[in-house]
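Notes for the structure review
In case you want the letters, here they are:
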Amino acid sequence: MSDIQDVVIIGSGPAGYTAAIYLGRAGYRPLVIAGALTPGGQLVNTTTVENFPGFPDGILGPDLMDAMQRQAEQFGARLVWDDVVSVDFGDDVHTVTCDQGDVFHARTVVVTTGSTVRKLQVPGEETFAGRGVSYCATCDGFFFRNKPIVVVGGGDSACEEALFLTRFGSSVTLIHRRDEFRASKIMQERVRSNPDITLMMNTVVERVNGSDAGAESITVRNRATDEVTDVPANGIFAAIGHTPATDFLHGALALDDDGYILVDGASTRTSVPGVFAGGDAGLDAGGREIGEPESREDGQCLDGDSSYSFHGCSFLLFSFVEVLVESGLEPLVQRLSAGDPPFVQVRSGLGVVPAGRFRVRAGCRGWEGRDDGHAGRVGVDAEWSPPAMIVDMSRPT
């Protein structure tokens, strides 16, 4: 079999580009199958991202993803603008087939396909999709200038969309099915203090109503009183979560009941050796999506908020230590001792300490920290130039 890639990355969101950057810097020229319809992941549909490190004034989601793409390409990543339709994960070589007919073979595959928007599943939603019902405020908000707008959801993305849409709508109503929001505290405060946003709590959408001209109202029901009312709305924006984009796997990897890829503990290892999962598509054994902040409350990983991106990037630093070791890619990684768990030395000159939840105490040798499920030791080995990062992937007993 000719033209076998070292690594194929499926997906081009923050997790996919992070993987491409690290693997590219390590010299492996990863092939990124970025998607034909929705390259760049959910952040492409996000407005200002405020909590991604390095941007004190925030950055637009599409601009951030463009920058990640350029950075990945700078380090040798190659992009294919197509969608994967099937995979065949073998013992040594894995096969990935794309919609336009291209077939790629790789020793290692990283699945970072993310997720798709979750729909309301109510009468009228499909009828008025594109004629009032939308899942992207930044894409469609302009079309509802001076018209009544409704946003459905209670996480950060719903709050962010409601705030964004106040610049367009004659009114903005935020509807949430619980009596408390699950968004971050700062987003809740912004929504509650905005005089242009009306809150309808403990309320569910029953139906989208309209005519040939488009959506005109929604029927809602108060869960506490069972009172049913109609709310005027020409724009209905659903922001109630996401569904993992894993249908193309067709059983090639172990999934949970919701379609998330099951991985080994807090690692990114899937049920197939040499295949890894990162970002919204994966779920660890503890029930959390890969890269998920420990305090996440709204059941959504990205949710219009770059906290996923930040933690996802830090998590993938560990994951690609594993990719390099398990795939046997030499000489950048040397296994210092056999056994379980392995102790590995990374010689790629990565001069950074993992970010996110990995807390590091100052020192030269034997720094200590913890990252969900792993007790770790990170230090600088003065024998190597540039200094090497040493990571002990052992688990706590």
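Scroll up to find the structure this text is about.
Residues numbered from 1 in each chain as written. Predicted model: local features only at pLDDT ≥ 70, side-chain atom pairs only at ≥ 80, totals over all residues. Heavy atoms only, no water.

1. Quick word on the sheet that holds strand E14 (residues 203–211)
Applicable threshold: Criterion used throughout: strands pair if DSSP finds at least two bridges between them. Each helix corresponds to a stretch of at least 4 residues labelled H or I by DSSP, and each strand to a stretch of at least 2 residues labelled E; elements are numbered beginning at the N terminus. A fitted line through C-alpha atoms serves as each axis, taken over the contacting stretch for helices, and the angle formed by two N-to-C directions is quoted from 0 to 180°.
Strands sit in the order E14-E15-E16 across an open sheet of three strands; the sheet is antiparallel. Edge positions in the sheet fall to E14 and strand E16 (228–232), since each of these pairs with one other strand and no more. Across the sheet, the mean angle separating the axes of adjacent strands is 30° when strand polarity is ignored. Here five bridges tie strand E15 (residues 214–222) to E16, and the two strands are oriented antiparallel to one another. Within E16, the residue paired with Ile218 across the bridge is Val231.

2. Notes on the side chain of Ser12
Spelled out, the test is: Here the term buried applies to any residue with accessible area under 20% of the maximum for its type, exposed to any over 50%, and partly exposed to those in between, with areas from a 1.4 Å probe on protein chains only. Polar contacts here mean pairs of N or O atoms no more than 3.5 Å apart (in protein, one a potential hydrogen donor and the other a potential acceptor; neighbouring residues in sequence count only if both atoms are side-chain atoms). Contact between two residues is taken to exist if any of their heavy atoms lie within 4.5 Å; hydrogens are not considered.
Residue placement: Ser12 occurs in the loop between strand E1 (4–10) and helix H1 (14–25). Classification of Ser12 as buried rests on a relative accessible area of 3%. A polar contact is formed between the side chain of Ser12 and the backbone oxygen of Ala34, at a distance of 2.8 Å. A polar side-chain atom of Ser12 sits 2.8 Å from the main-chain amide nitrogen of Gly40. When sequence neighbours within four positions are dropped, the list of residues in contact with Ser12 reads Tyr17, Val32, Ala34, Pro39, Gly40, Gly41, Met65 and Thr112.

3. Considerations on helix H5 (residues 185–192)
Residue pairs three or four apart in sequence face the same way in an α-helix, which turns once every 3.6 residues. Test applied: When we speak of the arc, we mean the arc of directions from the helix axis to the C-beta atoms.
Turning to H5, its buried residues are Met187, Gln188 and Val191. Take H5 and look down its axis: the buried residues cluster within an arc of 100°, on one side only.

4. Topic: the sheet that holds strand E13 (residues 197–200)
Here we have five strands laid out as an open sheet, ordered E10-E17-E11-E12-E13, and parallel in their pairing. Only two strands of the sheet have a single partner each, and these edge strands are strand E10 (133–134) and E13. Together, strand E11 (148–152), strand E12 (171–175), E13 and strand E17 (235–238) form the strand contacts of helix H4 (residues 156–165), whose direction differs from that of E11 by roughly 170°.

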